[in-house]
Amino acid sequence: MKFAIILLLSLSLNYCNSQNNTLKYDENEGSPKATLKDVSWIAGHWKGEAFGGITEEIWSPPLGNSMMFSFKLVNDGKVVFYELGAITETNETLLLQLKHFGPDFKGWEEKEESETFKLVKIENNRVYFNDFTFEKISNNEINLYVVISEKGKQEEVKFNYRKE
């Protein structure tokens with residue numbers, strides 16, 4: 001019985017950690033043509049739960065060839081970290097860029113660097129960037145799937161948000 005429980009837990013963890021909702025960018029294929037109209041449904045004030053706390057993302061509507069966003073994670077009433085970034089319309093496609101900041105606004109990336117995610121493809125209710133997917137569930141609910149690398153391991157993490 002104990003073996004069966006351990007096996008089920010192991011299978012469950014492997015299933016949860018599988019990367020079924022994100023795609024890798026292929027340099028040979030490049031990014032498809034796209035505009036901010038294709039992703040304008042992301043705009044809004046979104047809240048959810050992840051990493052044992054409350055997550056919040058605020059996305060602006062398209063303006064000036066970009067959609068700007070802010071993110072924060074709050075645990076026990078305190079900010080753990082922030083992200084600032086944008087999806088920009090560049091060379092007839094889309095590019096997602098972001099920077100991380102600690103609660104004291106000290107940047108994680110070097111001053112001139114940011115995390116960059118190239119567009120892989122767009123489907124009816126999904127937008128795939130490299131290791132980063134937006135999924136529209138309804139006008140009031142979205143999921144984000146992000147591949148997080150830590151200590152040599154990669155894990156796909158799901159963020160479920162509801163519109164405020």
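This text gives an overview of the structure that appears in the document. (Residues numbered from 1 in each chain as written. Predicted model: local features only at pLDDT ≥ 70, side-chain atom pairs only at ≥ 80, totals over all residues. Heavy atoms only, no water.)

1. Topic: the packing of aromatic side chains
Two aromatic rings are characterised by how far apart their centres lie and by the angle between their planes.
Stage number 1. Per the stated rule, a full pass over the model turns up 12 aromatic pairs.
Stage number 2. Ring geometry for F101 and F105: centres 6.1 Å apart, planes at 45°, overall tilted.
Stage number 3. You can call F105 partly exposed: its relative accessible area is 46%.
Stage number 4. Among the aromatic side chains, those forming a connected cluster through ring pairs are F51, F71, F81, W108, F159 and Y161. (Phe/Tyr/Trp six-rings, centres within 6.5 Å; stacked < 30°, edge-to-face > 60°. Buried < 20%, exposed > 50% of the residue type's maximum accessible area, 1.4 Å probe, protein only.)

2. Things to note about the pattern of salt bridges
Stage number 1. Throughout the structure, instances matching the rule amount to eight salt bridges.
Stage number 2. For the salt bridge of K106 with D104, the shortest nitrogen-to-oxygen distance reads 4.0 Å.
Stage number 3. Among the residues examined, D104 registers a relative accessible area of 48% and is labelled partly exposed.
Stage number 4. Between K121 and E123 there is a salt bridge, and its shortest N-O distance comes to 2.9 Å.
Stage number 5. Relative accessible area serves as the criterion here: at 34%, K121 is assigned to the partly exposed category. (Salt bridge = Lys/Arg side-chain N within 4 Å of Asp/Glu carboxyl O.)

3. As for the side chain of E135
Stage number 1. Looking at the secondary structure, you find E135 in strand β8 (residues 132-138).
Stage number 2. Given the relative accessible area of 10%, E135 is considered buried.
Stage number 3. Reaching out from E135, the side chain makes a polar contact with the side chain of R126 at a distance of 3.0 Å.
Stage number 4. Polar side-chain contacts of E135 include one of 2.8 Å to the side chain of Y145.
Stage number 5. Residues in contact with E135, not counting those within four places in the same chain, are W41, N125, R126, E141, I142, N143 and Y145. (Helix = DSSP H or I, 4+ residues; strand = E, 2+ residues; numbered from the N terminus. Polar contact = N/O pair within 3.5 Å; in protein donor to acceptor, adjacent residues only side chain to side chain. Contact = heavy atoms within 4.5 Å.)

That is the geometry; function is a separate question.
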